[in-house]
Amino acid sequence: MELRVIDKQENELSIEIAGEDHTFMNVLKGTLLETDGITAATYDVNPEQSGGQTDPVLTIKTEGGVDALDALETGAEEVIEKTTDFQEAYDAAV
């Protein structure tokens, strides 16, 4: 997975996430929306300026005092935790 920062401000971050699709992006976006300090999270795979299909561009906004990059890291760690919990529950069930 390759990440490219498109725009970084204190309370907003837009990054391109190469090679991912709706499956991963929906999980990440949903988890980010549950993360403290994040006020908005969305992604677009066809930005108007691109003229066609692109790698997803994730945009997050945070509330005062919360760095957008730190909030993204927290959200990503939560995705890892959720997938680990799911794997453990699956292994216990089979």
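Reference entry: report on the structure contained in this document.

Thresholds, definitions, all that
Within each chain, residues carry numbers counting from 1 in the order of the written sequence. Reporting in this predicted model follows two pLDDT cut-offs: at least 70 for local features of residues, and 80 or more for side-chain atom pairs to be given and counted; totals over whole chains, interfaces and linings ignore these cut-offs and use all residues. Derived side-chain values reflect all non-hydrogen atoms in the structure, with water molecules and hydrogen atoms excluded from consideration. Secondary structure is summarised from DSSP: a helix means a run of H or I of at least four residues, a strand means a run of E of at least two, and numbering begins at the N terminus for each. With a 1.4 Å probe rolled over the protein chains alone, any residue whose accessible area is under 20% of its type maximum counts as buried; one over 50% counts as exposed, and the rest are partly exposed. Contact between two residues is taken to exist if any of their heavy atoms lie within 4.5 Å; hydrogens are not considered. For patch building, the residue pool is restricted to those with more than 30% relative accessible area and no salt bridge; the joining distance is 9 Å between like charges and 5 Å between nonpolar side chains (Val, Leu, Ile, Met, Phe, Trp, Tyr). Accessible areas in this description were obtained via Shrake-Rupley with a 1.4 Å probe; residue shielding takes into account the shown protein chains only. We define a salt bridge as a contact between a side-chain nitrogen of Lys or Arg and a carboxyl oxygen of Asp or Glu at a distance within 4 Å. Given the number of residues in a helix, its expected span is that number minus one, multiplied by 1.5 Å. Note: the arc covers the axis-to-C-beta directions of the helix. By the criterion applied in these results, polar contacts are pairs of N or O atoms within 3.5 Å in which, for protein atoms, one can donate a hydrogen and the other can accept it, and in which residues neighboring in sequence qualify only through two side-chain atoms.

### Examining the environment of Pro56
Here comes step 1: Locating Pro56 in the fold gives a position in the loop between strand S3 (38–44) and strand S4 (57–62).
Here comes step 2: Of the residues examined, Pro56 reaches a relative accessible area of 1% and is grouped as buried.
Here comes step 3: Apart from residues no more than four positions distant in its own chain, Pro56 is found in contact with Ile15, Glu16, Ile17, Glu20, Met25, Tyr43, Asp44 and Val45.

### Notes on a nonpolar patch on the surface
Here comes step 1: A cluster of nonpolar residues, Phe86, Tyr90 and Val94, forms a patch on the protein surface that exposes about 390 Å² of accessible area.
Here comes step 2: Relative to the helices and strands, Val94 is located in the segment after helix H2 (68–93).

### Here we look at helix H1 (residues 22–33)
Two residues of an α-helix separated by three or four positions point the same way, owing to the 3.6 residues in each turn.
Here comes step 1: In a regular helix each residue adds 1.5 Å, so 12 residues correspond to 16 Å; H1 covers 16 Å between its end C-alpha atoms and thus fits that length.
Here comes step 2: Listed in full, the buried residues belonging to H1 are Met25, Leu28, Thr31 and Leu32. Along the axis of H1, the buried residues cluster in a sector spanning 135°; they form a single face.
Here comes step 3: Those residues of H1 hidden inside the fold are in contact with strand S2 (12–18), S3, S4 and H2.
Here comes step 4: Capping of H1 at its N-terminal end is provided by Asp21; its side-chain oxygen lies 3.0 Å from the backbone amide nitrogen of Thr23.

Purely spatial values, then, with no claim about function.
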